[in-house]
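Each chain is listed here by its residues.
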There are 2 protein chains.
Amino acid sequence: MAQNARLQGLGLLVLYILLNPVMTTAQEPALNLLPLPASAQSGTGSLGVDSSFSVAFTGHSEPRLERAGDRFLRQLARQTGLPLALKPGKTARATLVIQTDHASKEIQELGEDESYVLEVTTTGAKLTAPTPLGAMHGLQTFLQLVDVSLGGFAAPALTIQDKPRFPWRGLMIDSARHFIPLDVIRRNIDAMEAVKMNVFHWHLSENQGFRVESRKFPKLHEMGSDGLYYTQEEMRDVITYARDRGIRVVPEFDMPGHSTAWFVGHPELASGKGPYEIERKWGIFDPAMDPTNEKVYKFLDELIGEMAKVFPDHYFHIGGDEVNGKEWDANPKIQAFMKAHGIKNNEALQAYFSGRVQKLVTKHGKTVVGWDEVLVAGVPKDIVIQSWRGQASLAQAAKQGYRGILSNGYYLDLGWSAARHYAVDPLSGDAANLSAEEKQRILGGESCMWAEYVSPENVDSRIWPRNAAIAERLWSPQEVRDPASMYARLEFIGARLEWLGLAHRSVSRNMLQRLAGSSSPVEFAALRTLADVIEPVKDYTRGQTAPAEPSSATPMNRVVDAVPLESDAGRRFSDLVDQFLAVACHDPAAEARLRAQLMTWRDNDAILQPLAQRSFLVKEVAATSQDLAALGTAGLAALDAIAKGQPAPDSWKAQQFAILEQVKKPKAQLLLIPAPAVQKLIEAAAAGGGCSTPKP
Amino acid sequence: MAQNARLQGLGLLVLYILLNPVMTTAQEPALNLLPLPASAQSGTGSLGVDSSFSVAFTGHSEPRLERAGDRFLRQLARQTGLPLALKPGKTARATLVIQTDHASKEIQELGEDESYVLEVTTTGAKLTAPTPLGAMHGLQTFLQLVDVSLGGFAAPALTIQDKPRFPWRGLMIDSARHFIPLDVIRRNIDAMEAVKMNVFHWHLSENQGFRVESRKFPKLHEMGSDGLYYTQEEMRDVITYARDRGIRVVPEFDMPGHSTAWFVGHPELASGKGPYEIERKWGIFDPAMDPTNEKVYKFLDELIGEMAKVFPDHYFHIGGDEVNGKEWDANPKIQAFMKAHGIKNNEALQAYFSGRVQKLVTKHGKTVVGWDEVLVAGVPKDIVIQSWRGQASLAQAAKQGYRGILSNGYYLDLGWSAARHYAVDPLSGDAANLSAEEKQRILGGESCMWAEYVSPENVDSRIWPRNAAIAERLWSPQEVRDPASMYARLEFIGARLEWLGLAHRSVSRNMLQRLAGSSSPVEFAALRTLADVIEPVKDYTRGQTAPAEPSSATPMNRVVDAVPLESDAGRRFSDLVDQFLAVACHDPAAEARLRAQLMTWRDNDAILQPLAQRSFLVKEVAATSQDLAALGTAGLAALDAIAKGQPAPDSWKAQQFAILEQVKKPKAQLLLIPAPAVQKLIEAAAAGGGCSTPKP
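Residues numbered from 1 in each chain as written. Chains lettered and ligands numbered in written order. Predicted model: local features only at pLDDT ≥ 70, side-chain atom pairs only at ≥ 80, totals over all residues. Heavy atoms only, no water.

*Asks:* Hey, could you run me through the overall build of chain A in this one?
*Replies:* Looking only at helices and strands, one finds 28 helices and 19 strands in chain A. Each principal axis of the C-alpha atoms in chain A carries an extent, and together these give about 90 × 70 × 55 Å. When burial is assessed residue by residue, chain A has 62% of its 696 residues classed as buried. Counting contacts in chain A only where the partners sit at least 6 residues apart, residues at least 24 apart contribute 77% of the total. Just so you have it, chain A exposes about 25,100 Å², and 54% of that area is on carbon and sulfur atoms. In chain A, which carries 74 positive and 80 negative side-chain charges, the distance between the mean positions of the two groups comes to 0 Å. (Helix = DSSP H or I, 4+ residues; strand = E, 2+ residues; numbered from the N terminus. Buried < 20%, exposed > 50% of the residue type's maximum accessible area, 1.4 Å probe, protein only. Contact = heavy atoms within 4.5 Å. Areas by Shrake-Rupley, 256 points an atom, 1.4 Å probe, with all protein chains shown as cover. Lys, Arg positive; Asp, Glu negative; His and termini not counted. Charge placed at Lys NZ, Arg CZ, Asp CG, Glu CD.)

This is how it looks when you write it as C-alpha cells:
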C-alpha cells in the first residue's frame, strides 16, 4: 500500500525528474558575479535597464575606452534583447557614467592598477577607475549584474570596490599541437575579459608545428606548419584585440626541446643529423637545438629580434621544458664541447643554453619567462618562473629572489573538476610560509590548455567553464573558496559566455548529434543521458590507454571528445546522495529523486543499444551504457535495502562491490561518474548505521 | 490492481517519456535526402568515408568548381569530424570524381540545366553534370547521403538521376523592415544551397528603410536607413557568394508605395507634401511616388541604371504592391493629370506608373518582376508576375501569356506548419487545368520572409527548417507529397543545417535562457517544456493583437520571439493521439505515453510559476502555463473516461469543452498546440464509440 501510494504520487515527482535528473543542492549565491569582487555592499532596490539605457565616459578619454563602451552596449543588447542605442556619449546624465582618471601604460605592464569602484543606485550607476583597465573590469561586472526581474531587466543597487589579488592572471593556449584558428582565439580572449584574466600566453611552437610567420626565416612556418600558421598581421590584430580587453599577450617559443618543427626547414639548428619531419605523435621527443653551435645563437638573436617587434609585451617566454638529452648524448661534437667547457651534464648544458638565450632576450628589451627548468644557478633575478612543478618550487624560487607564476594544478587538459582547480592556491603549501616580501614575488598563475586532445571544434569546452574557477582564484580574495557558491555562479557564467559566442555548451550537443547520425529523437536523448554522466579519463591516462597510437591525424569525433570534462549531472547526483545520507536516509523527497534517476539509468541502455548497433562511434560506449544500467540497478537495490532498515547481508555487499569494480574500470577512455556515489549508497545499505532507525 | 500494475511498469515507460515526451509516428524514409531526387535506384552496400576520402574534378574546370570542392570537403570534415585533406585534385582515382561537361552562363540564367547523375558504389562515387550548377547540386546530395554507420561514416550505394521540377525556386528575405546583417544573409544562402534553391530575392527598400548604398543619390541610404544599409561592395560580395552556390540574386526596389524611406532624403519624389520620416510602425502607409512627375522617372532612370550595374541578374523586381492611393487622392496636381490624360482611377494610375518604370528597367537591360498588381492591360509579355494572390491569379496570367511564380501559400512569416506550405503546389487549383504550354509559364515559386516580427537574432528560426519543405515542393516531382516522410527528413536536414552555422535550433534555447535569467536548471527545463508546445499566433494576428502598437523599436525578446513557429512536440503528440484513436483506444503503449506526457504538462506549472514571479518575460506566459496544466488534467480525465469503456456523461463533456474553450484562446500572442488533440480525446471519451469495446 505504501508502495502504491508512493507510485501514485509519482506525477509531480516524475516531472521533477524529467526536468532535472539530479537537483542541485548548491546554495543560491547572493551575487551572480564571477569572479567575486574584493568587497560589495548591498543597497536597496535596483536600477532598471531598458531601451533608454545609456552610457557615457567622463575624465580620461581614449579610443580603446570608446570601443569598450561600444562592446559593452552590444553585449548588453545581446544579453537582454533590448534595442539599445549603440554609441556611448559624453554626458554625465547617462544611466551608467564611467569616470576614468588617467591613461594606463602604452604597453600594458605587469602590476598596473586594475581597480575600480562601481556604485549602482535605483537612479543610475557610476563606475570610477584610475585607469581604463579598471574601467573595463567594472563594465564586465556591470554586465554580470544585469539580470531579468519581475519589473524588467535590472541591476541590483550596491557598491563594489574591487581589485585583483594577483597581477598575473593568465590562460595559456597551445596553438601548436593542434592549430587553433583566429576566431577561436578571439572568442576565448572575450571570455578571458569576462572573468578578468589579463594574460594570454600563446604557445606558438612545438615539435608538431611552428605556427608563426617569420619573415627572416620563412622556412620555419613554410615547412614547419602544414600551412597552419598565423601571419604577423594576424598576430598584431590579436594583440590589439587583447589590449582592447586589458589583456597582455606573452608569446612562447619553446626551446631547446619541443622544437622538431623548427628543424624541418632548419636542420642546422638541431643536435642530430636530420633530416627532420614535423612530429605527428604526442610525447617527449629527442630533437633539441645544439647549445654548442654559435650559429644557433645567431639565428635565435635574429628570430627573437623579429618576434620582439611583433609582440610588444615586456615578457618573452622561451619554454625550456622537457629536454630528454638523447641527441646531445649521441653527438660527439657536443660531448667534446661539454668536456672542453667543464659542463658536467645535460642539465648544465641546458642552463648554459638558457643563459645565452636569456641574454638575447634581454638584448631585445624583454624579460624572460620560462618553465621551472630555466631556473639554474646564476640566472639573473629578473626572470619569471612558470611552475609546472608546484608551490614548493615557486616558494624556493621566491626565497632566492625570483618571481614566479603557478601553473601546477591549473592544467586544463588533465580533466580535473572545477572544484579541484579552485582549491589550488598559489600561496598555499610551502608558499604559505614565505615572508610578505617573498610572497610579493608570487605574481599569480596561469591555466594551461595543452592541445594533444583538443581540436578547434571542442577547445572552448575544454577551457570553459572550468577556467572561470581559476580566474576567480587569481582575482578574488583568498577567503573566497566555497565550491558550492562557485559552482552556482559557474552555471550562471557558463550561460553568459554563450552570449559571447563561446561554443563550450553547444558543441557537445552538436558533436553527439554527429556521432548519433540520423537517430530518432528518443535514441539521441538516451545518448545524452549517458553522455551527461561520463567524463574523459583524467591526467595522462588518455594517451596511455589509447587504442591506437594517437597523433595529430587522429579524428577527434568520439564520445570522449564530445562530452564535457566535468559532468554537472554527476556532481548533482553525488550531492543528492550526500544530502540523503547526511540525514540518515530520512529524506523521502531526496530518496524519490534518487530512485527516479536510478530508474532512468537502469532503463536507458535498452534504448541506446539499437543506436550503438548502427553507429561505430556510439558502439564505443555500448559497454559504458550497460555499466550505467548496472549502476542504476545496484543503486535501486541499495535504496531498497536501506528502506528495510536492516544492514544488508555481506554476500549482497560483495556482489554489489563486484559490480562496482567492473563499472569503475574506464572504457573507451571514459569514466562513469556516479559510481562512487552509488558505492556510498551500497555501503550505507550494508552498514545499516544511520539508516537503521525506523522512518518517522 | 491493474492500476497498480501499470504504475509498477512505469520504470521503462517513464524513461521513454523522459527522453521524448511524444514519440514520432513518422515513417523512416528510405533516403535521408531533402529535396528528394527525381529518381533513385538503390544499390548494394555502401561507400566508406574516412580520412583518405578524396575528391577530383574532371572535364570542364573553373575556379567556382574548385571553391565548391573546397567547401564540400570542409563541410564533409565538419559533419564527420574527420581530418580530410582539404584540396580537391584532378585525378580520376579520387573517391568522388566529378565530371562537369561545360560552363554554365556567365550570368546565371533562368532555366539553365541544373541536372546531375550521382552513382555511388562500394568502391567510389561518380558525379556527372552538364554544368557546374548540376555538379554543385550533386555535391549537396552526396553530403546528405553521408551518415554514420556501424562500419564508419558511409554513403549508401545507389544511382540518382536528378533535375528540378521548376526553374525558379526562391527565398525572399525582407532586409528592409528589420535590417539583416551580412553574415546572416550569407548563412541563409548556404542553407538555400543545401536544399537546392536557386533564387535569392532581396527585398531592399521599404517604408522602414532604404538598405542599399546609392552613389548617385546618397541621401537615399544616408537619410533612409539609420545607418543600416549594404554598401555596393558588400552586395557584390553577396552576389558572388550566391553565384558560387548556383543562386541568382534578384533585387527588389518596391515602388510606388512602400517607399516612405526614400522620401526622407528625397521628398520631391512623393505625392504628399512631406517632410517625411523613416516609418517605425508596421502596416500599409499613405506615402507613394508621384506618377505624374517627370522628375520621378528621371530619378528612377538613374537609380535603376545604377542598380542594374550592381545586380547582374537579368531580372529586376519593382514591387508594385499595396498602394492605398490616399496621397494621390489628396494631391490636386495628380488629380488634374489623371483628368487630363483620361486616367480613370488609382489602379489605372499605378498601371501608368508601372508601364513607365517597366520601360526604364527594359532600357537598362533587365526584365521586370512585380507583384500581382503590376499585371494590367498592355504590359509587355516578358514580365514575371510574383503572386501573393494565388494559383488562380497565376493561371489567369499564364492564359494571357505571362510567366509567374507563386508566393501565396509560401509566406513564412504567417507561421504556418511545414505541412501546410508543403501542400501548396504552384500547379494546383486553377493552374492544374492549364495547357502544357501555359503550365510552362509557371516558373516555380518563392517563399517570403517578411520581417515585421523577425530580428537578425531569430530570423534563421523563422525561415528554417520549414523553408526546406517549400524547397522540396519546388524541386521534387509533384508526386512527392507525403508529409510524414517530409517531417522525418526535415528533422534530419534541420540537424544538418546547424553544421552550416544556421542558428534556427540553438537560438531558441539561448533566447529562452535570456528570459529565464539566472533560473535553476529545473525551472529552465519547465520553461522549455512549455515552450515546446506553444506557437506564435498565425497569419496577421500578432500585429492585430499586439499589447502596444509594435514598431521597429519594439524589443524582440519575448517568448513569442523565442519559440519556433512550429512545435515538433505538439505535432508528435497529435500523431500519437491519432494513433491511439485509430485502433479504437486499444493501444496500451500509446496510452501509457499519452498519460506520461499529460502528467508532465499537468505538473509543469507548479515548477514554472516561481520563475514567472521573478521574470517579467516569463510572467507573460504564466496563464499559458496554467492552461497547459489544465490541458494535462483534462486529457488525463479523458483517458480515465475512455478506460471505463462507457460514453462519458454530457455534463462532463460540457465541462471539459469549457476548459478547452479557455485554453484555445491565444494568450501573450501564443497558441497552445496540443489543445485540438486533447479535444479529440475528450470527444472520444464522450462518444464511447470505438473505445466502448472492452479491452482484450
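Alright, that's what it looks like, and here's the rest.
*Asks:* Could you clarify how one ought to interpret the pairing of strand β15 (residues 384–387) of chain A in this entry?
*Replies:* In regular strands, side chains alternate between the two faces of the sheet. Residues and elements named next belong to chain A. Both faces of β15 are covered, namely the face carrying Val384 and Gln386 and the face carrying Ile385 and Ser387. Two elements, β15 and strand β16 (residues 403–406), share four bridges in a ladder whose sense is parallel. The partner of Gln386 across the bridge, within β16, is Ile405. Regarding the hand of the β-α-β motif, the stretch spanning β15, helix α13 (residues 391–399) and β16 is right-handed. (Pairing = 2+ DSSP bridges. Right-handed = clockwise from strand over helix to strand, strands pointing away.)

*Asks:* Would you mind going over the packing of aromatic side chains with me for this structure?
*Replies:* Applying the stated criterion to the full structure yields 38 aromatic pairs over all chains. On the basis of an interplanar angle of 55 degrees and a centroid distance of 5.9 Å, the ring pair of Phe72 of chain B and Phe142 of chain B is categorised as tilted. Of this pair, Phe72 of chain B sits in helix α3 (residues 63–80) while Phe142 of chain B sits in helix α4 (residues 132–145), placing them 70 residues apart in sequence. Phe142 of chain B shares its class with Phe72 of chain B; the two are buried. Taking the centre distance of 5.7 Å and the plane angle of 45 degrees together, the rings of Trp371 of chain B and Trp450 of chain B count as tilted. Placement of Trp371 of chain B in strand β14 (residues 367–371) and of Trp450 of chain B in the loop between β17 (442–449) and α16 (459–463) is noted, with a sequence separation of 79 residues between them. Across the pair, Trp450 of chain B and Trp371 of chain B agree in class, each one buried. Among the aromatic residues, those joined into a ring-pair cluster are Phe179, Phe200, Trp202 and Tyr230 of chain A. (Phe/Tyr/Trp six-rings, centres within 6.5 Å; stacked < 30°, edge-to-face > 60°.)

*Asks:* Looking at this structure, how should I read the nonpolar core?
*Replies:* Soluble, globular proteins show a tendency: their nonpolar side chains are buried together. By size, the foremost hydrophobic cluster in this structure holds 191 residues, and its most contacted members are Leu96, Phe142, Trp202, Trp262 and Leu300 of chain A. Once residues within four sequence positions are removed from consideration, Phe142 of chain A is found in contact with Leu47, Phe53, Phe72, Leu96, Leu118, Val120, Ala125 and Ala155 of chain A. Leu34, Leu158, Phe217 and Ala471 of chain B belong to the second largest nonpolar core, which has 189 residues in total. (Core = buried A, V, L, I, M, F, W, Y, C linked by side-chain atoms within 4.5 Å.)

*Asks:* What exactly am I supposed to notice about unusual backbone geometry here?
*Replies:* Phi is mostly negative for residues that are not glycine, and the peptide bonds are mostly trans. Residue and element names in this part refer to chain A. A cis amide bond, omega -5 degrees, links Gly274 with the succeeding residue Pro275. Inspection of the secondary structure puts Pro275 in the loop between α8 (260–265) and α9 (294–310). For the bond from Trp464 to Pro465, the omega torsion is 0 degrees, close enough to zero to count as cis. Of note in the backbone geometry, Gln669 takes a positive phi value of approximately 60 degrees without being a glycine. With respect to the element layout, Gln669 can be found in the loop between α27 (650–664) and β19 (670–672). Here Gln669 falls in the buried class, since its relative accessible area comes to 6%.

*Asks:* How do you make sense of helix α26 (residues 622–644) of chain A when you look at a structure like this?
*Replies:* At 3.6 residues per turn, the α-helix brings residues three or four places apart onto the same side. With 23 residues, α26 of chain A should cover 33 Å at 1.5 Å per step; its first-to-last C-alpha distance of 34 Å lies within 8% of that length. Directly after α26 of chain A, the chain includes Gly645 of chain A, whose backbone phi takes a positive value near 75 degrees. (Expected span 1.5 Å × (residues − 1).)

*Asks:* Help me understand the pairing of β16 of chain A in this model?
*Replies:* Of the pairings in the sheet, the one linking β16 of chain A to strand β17 (residues 442–449) of chain A comprises three bridges and is parallel in character. Each bridged residue has a counterpart across the sheet, and for Gly404 of chain A the counterpart in β17 of chain A is Ile442 of chain A.

*Asks:* Please clarify how the packing of helix α23 (residues 568–582) of chain B against helix α28 (residues 675–687) of chain B should be interpreted in this entry.
*Replies:* Residue and element names in this part refer to chain B. Interaxial distance between α23 and α28 falls to 9 Å at its minimum, and their mutual angle equals 20 degrees. In terms of orientation, α23 and α28 fall into the roughly parallel class. The hand of the α23/α28 crossing is left-handed. Judged by residue contacts, Phe573, Ser574, Val577, Asp578, Phe580 and Leu581 of α23 engage Ala677, Val678, Lys680, Leu681 and Ala684 from α28. For the contact of α23 with α28, the residue count by class is eight nonpolar, one polar and two charged. (Axes fitted to C-alpha atoms, helices over the stretch in contact; angles between N-to-C directions. Parallel < 35°, antiparallel > 145°, perpendicular 65-115°, else oblique. Left-handed = near helix turned anticlockwise from the far one by under 90°. Nonpolar A, V, L, I, M, F, W, Y, C, P; charged D, E, K, R; others polar.)

*Asks:* Explanation requested: α27 of chain A in the structure shown.
*Replies:* All names here are of chain A. With 15 residues, α27 should reach 21 Å at 1.5 Å per residue; the first-to-last C-alpha distance of 20 Å fits that figure. Of the residues making up α27, those classed as buried are Trp652, Gln656, Leu660 and Val663. What you see down the axis of α27 is that its buried residues fit within an arc of 70 degrees, all on one side. Residues of α27 that are exposed and angled more than 90 degrees away from the buried face: Asp650, Ser651 and Glu661. Against α26, β19 and α28 (675–687) lie the buried residues of α27. (Arc of directions from axis to C-beta.)

*Asks:* In this structure, what is going on with the side chain of Gln358 of chain A? I would like to understand it.
*Replies:* Summarising the element assignment, Gln358 of chain A is placed in helix α12 (residues 346–363). Leave out the neighbours within four places in its chain, and Gln358 of chain A touches Val368, Pro380, Asp382 and Ile383 of chain A.

*Asks:* Explain a positive patch on the surface to me, please; I cannot follow it from the model alone.
*Replies:* On the surface, Arg509 and Arg528 of chain A together with Arg509 and Arg528 of chain B cluster together into a positively charged patch. If you trace the backbone, Arg528 of chain A turns up in helix α20 (residues 521–531). Of the residues examined, Arg528 of chain A reaches a relative accessible area of 32% and is grouped as partly exposed. (Patch = residues over 30% accessible without salt bridge, like charges linked within 9 Å, V, L, I, M, F, W, Y side chains within 5 Å. Salt bridge = Lys/Arg side-chain N within 4 Å of Asp/Glu carboxyl O.)

*Asks:* What am I meant to see in the side chain of Glu535 of chain B here?
*Replies:* All names here are of chain B. Its place among the elements puts Glu535 in strand β18 (residues 534–536). Of the polar contacts made by the side chain of Glu535, one reaches the side chain of Lys538; its length is 2.6 Å. A distance of 2.7 Å separates a polar side-chain atom of Glu535 from the backbone nitrogen of Ser567. Excluding residues within four positions of it along the chain, Glu535 makes contact with Val563, Pro564, Leu565, Glu566, Ser567, Gln669, Leu670, Leu671 and Ile673. (Polar contact = N/O pair within 3.5 Å; in protein donor to acceptor, adjacent residues only side chain to side chain.)

*Asks:* Teacher, can you tell me more about the pattern of salt bridges here?
*Replies:* A pair can form between side chains of opposite charge whenever their charged atoms are brought close. All names here are of chain B. Overall, the coordinates contain 71 salt bridges over all chains when judged by the stated rule. Measuring nitrogen to oxygen at the nearest pair gives 2.9 Å for the salt bridge that ties Arg248 to Asp313. In this pair, Arg248 sits in strand β12 (residues 248–252) while Asp313 sits in the loop between α9 (294–310) and β13 (315–317), placing the two residues 65 residues apart along the sequence. Residues Arg614 and Glu523 are paired through a salt bridge, measuring 2.7 Å at the closest nitrogen-oxygen approach. One end of the pair, Arg614, is in the loop between α24 (588–612) and α25 (616–619); the other, Glu523, is in helix α20 (residues 521–531), with 91 residues separating them in the sequence.

*Asks:* I'm lost on the environment of Val559 of chain B in this one. Help?
*Replies:* Residue and element names in this part refer to chain B. Along the chain, Val559 turns up in helix α22 (residues 559–562). In the structure, Val559 is positioned 51 residues away from Ser508 in sequence and 9.2 Å away in space, judged by C-alpha atoms. The contact partners of Val559, leaving out residues within four places of it in the chain, are Leu515, Ile534, Leu617, Val621 and Leu670.

*Asks:* Even after reading the chapter, I still don't get the packing of α20 of chain B against α24 of chain B, so can you show me in this structure?
*Replies:* The geometry of a pair of packed helices is captured by two quantities: the angle between their axes and the separation between those axes. Residue and element names in this part refer to chain B. Running from N to C, α20 and α24 point in directions that differ by 125 degrees, and their axes come no closer than 8 Å. Put simply, α20 runs oblique to α24. Like other packed secondary-structure pairs, α20 and α24 cross with a definite hand, here left-handed. Contacts between α20 and α24 involve Val522, Glu523, Ala526, Leu527, Thr529 and Leu530 from the first element and Thr600, Trp601, Asn604, Ile607, Leu608, Pro610 and Leu611 from the second. Each residue belonging to the contact of α20 with α24 can be placed in one class, and the counts come to nine nonpolar, three polar and one charged.

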